[in-house]
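Examination of the molecular architecture
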Amino acid sequence: MDLLAAMRIFVRVVERGSMSGAARDLGIGQPAVSERIERLEQYLGVQLLRRNSRALACTDEGLLFHTRCQHVLDAAEEACAAVAKGADGIFGTVRIAAPQCFGGVVLPRALLRIRELHPRLCIELVLNDLVVDPVTEGVDMSLRLGATGEGNFIAHPLGHVRRMLVCAPDYLARHGDIASPRDLANHPFIHVKGQFNNEYLPLIGARQSEMLVPIRPCIVVSHWRPMYEMLLAGAGVGVVQEPACADALAVGRLVRLLPSHAVPAVELNALVPAARPVPLKTQAVVAILKAHLPGAAALGTGPLTGPGQPI
């Protein structure tokens, strides 16, 4: 039995909390994952996982074995890196979780830079607007917009992403100008699920005053792209990350609303597991992201302050 391969599969099963999730991550069939775990348990002579129709959990022996497996796998990777020929020892696969809009628009340029500097490094990008914990989701790092929350991870600040309140010129031609934040309540608001759910939009005025502006949500989507296309089509108003709307603003397909007010920018952090030594490949990727992302056109030094009082 390939013990290291079995350890990798076991660690991924524990991280994902399911055989099927681990199988998808590893690119193998679920029966193969189940068979490897059974053979590993037979080899060790102990039960590592408790299984039922809904979930699985580690036994006490499984928890101990999982911790030791992580150390062994990290040590194996470091050993390979230490003797790798003709390079900096950065190789293998890095799994990165990122929000859909930011990950699809801005991150590819950074990934190309990573590949340019470390051509033996493979990158697996997982786009998801859910809050992804790198410890439990089996990724090497998670890029998170907004508050990091709590968890067994280390947060590396990467700057922040600006957002803009926009609509199509055609929409204004049909419905009239939006001259005041109070006017927003009279216009259909399109947004991504999980954002502005309290029916208030945070805005910062010219004097850095904070306010919560009532809005009228009419369309909620699970992905930023349908929202963007509906805004281009003149279906209403909405907030888009600046990287995604910069080109449309430049050619006049979208216009910025209430230019004397700003939607607060959102913090961007790279989260990496803290429970074990950080692999060299992860350290290298974080360093490149820190160097590249704050200088990207759509990242800046806009206000990070939160919302204030409703108007």
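Residues numbered from 1 in each chain as written. Predicted model: local features only at pLDDT ≥ 70, side-chain atom pairs only at ≥ 80, totals over all residues. Heavy atoms only, no water.

1. Here we look at a nonpolar patch on the surface
A cluster of nonpolar side chains, Met 1, Leu 3, Tyr 43, Leu 44 and Val 46, forms an exposed patch at the surface whose accessible area comes to about 420 Å². Residue position: Val 46 is located in the loop between helix H3 (30-44) and strand E1 (49-51). In this structure Val 46 comes out as partly exposed when scored by relative accessible area, which is 33%. (Patch = residues over 30% accessible without salt bridge, like charges linked within 9 Å, V, L, I, M, F, W, Y side chains within 5 Å. Areas by Shrake-Rupley, 256 points an atom, 1.4 Å probe, with all protein chains shown as cover. Salt bridge = Lys/Arg side-chain N within 4 Å of Asp/Glu carboxyl O. Helix = DSSP H or I, 4+ residues; strand = E, 2+ residues; numbered from the N terminus. Buried < 20%, exposed > 50% of the residue type's maximum accessible area, 1.4 Å probe, protein only.)

2. Examining empty space enclosed by the protein
Within this structure, the stated rule accounts for three cavities of 30 Å³ or more. Contributing to the lining of the second largest cavity are Arg 163, Met 164, Leu 165, Leu 203, Arg 256, Leu 257, Leu 258, His 261, Ala 262 and Val 263. The biggest single contributor to the lining of the second largest cavity is strand E6 (residues 153-167), with three residues. Broken down by class, the residue content of the lining of the second largest cavity amounts to seven nonpolar, one polar and two charged. (1 Å grid on protein atoms, 1.4 Å probe; cavity = no way out; pocket = protein on both sides within 12 Å on 5 of 7 lines; lining within 4 Å. Points joined across faces, edges and corners; volume = space filled by probe spheres on them. Nonpolar A, V, L, I, M, F, W, Y, C, P; charged D, E, K, R; others polar.)

3. Some remarks on the pairing of strand E5 (residues 141-145)
Most of E5 sits out of view: four of its five residues are buried. Pairing geometry for E5 and strand E13 (residues 263-273), over four bridges, is antiparallel. Bridge assignment links Leu 145 to a residue of E13, and that residue is Leu 268. (Pairing = 2+ DSSP bridges.)

4. Focus on the pattern of salt bridges
Under the counting rule described, the total for this entry stands at eleven salt bridges. Glu 35 is the partner of Arg 39 in a salt bridge, and the nearest nitrogen-oxygen pair spans 3.5 Å. Taken together, the residues span about one helical turn, with Arg 39 and Glu 35 both in helix H3 at a distance of four residues. Arg 174 is paired through a salt bridge with Asp 170; the nearest N and O atoms lie 3.0 Å apart. Residue Arg 174 and its partner Asp 170 are located together in helix H8 (residues 169-175), separated by four residues, close to a single helical turn. By relative accessible area, which is 45% here, Arg 174 ends up partly exposed. Residue classification places Asp 170 among the partly exposed positions, given a relative accessible area of 42%. Connected through salt bridges with shared partners, the residues Arg 12, Glu 15, Arg 16, Asp 25, Arg 95 and Glu 124 form a single ionic network.

5. Examining the layout of surface pockets
There is about 1100 Å³ of room inside the largest pocket. Among the elements of the structure, strand E3 (92-98), helix H5 (100-105), E5, strand E8 (200-204), helix H9 (224-232), strand E11 (237-241) and E13 are those that each provide at least two residues to the lining of the largest pocket. Here the residues of the lining of the largest pocket sort into 24 nonpolar, eleven polar and five charged. Viewed by domain, the lining of the largest pocket spans two of them, domain 2 (92-161 + 266-292) and domain 3 (163-256), each represented by three or more residues. Approximately 700 Å³ is the volume attributed to the second largest pocket. Listed by contribution, the elements that provide at least two residues to the lining of the second largest pocket are helix H1 (3-16), helix H2 (19-26), helix H4 (60-83) and E3. Looking at the lining of the second largest pocket, the element that brings in the most residues is H1, giving seven residues. Counting contributing residues, the lining of the second largest pocket receives three or more from each of domain 1 (3-79) and domain 2 (92-161 + 266-292). (Domains from an automatic or database assignment.)

6. Some words on the nonpolar core
Of all hydrophobic cores here, the largest spans 25 residues; its most connected members are Phe 102, Leu 107, Met 141, Leu 143, Val 285, Leu 289 and Leu 293. Of all the secondary structure elements, the ones that give two or more residues to this core are E3, helix H6 (107-117), E5, E6, E13 and helix H11 (280-292). Residue contributions to this core peak at five residues, all from H11. Within the second largest apolar cluster, 19 residues are counted, among which are Phe 10, Val 11, Met 19 and Val 33. (Core = buried A, V, L, I, M, F, W, Y, C linked by side-chain atoms within 4.5 Å.)

7. Some thoughts on the side chain of His 156
Note that His 156 resides in strand E6. Side chain to side chain, His 156 and Lys 290 meet in a polar contact 3.2 Å long. Not counting the four nearest positions on each side in its chain, His 156 is found in contact with Leu 268, Asn 269, Ala 270, Val 272, Val 286 and Lys 290. (Polar contact = N/O pair within 3.5 Å; in protein donor to acceptor, adjacent residues only side chain to side chain. Contact = heavy atoms within 4.5 Å.)

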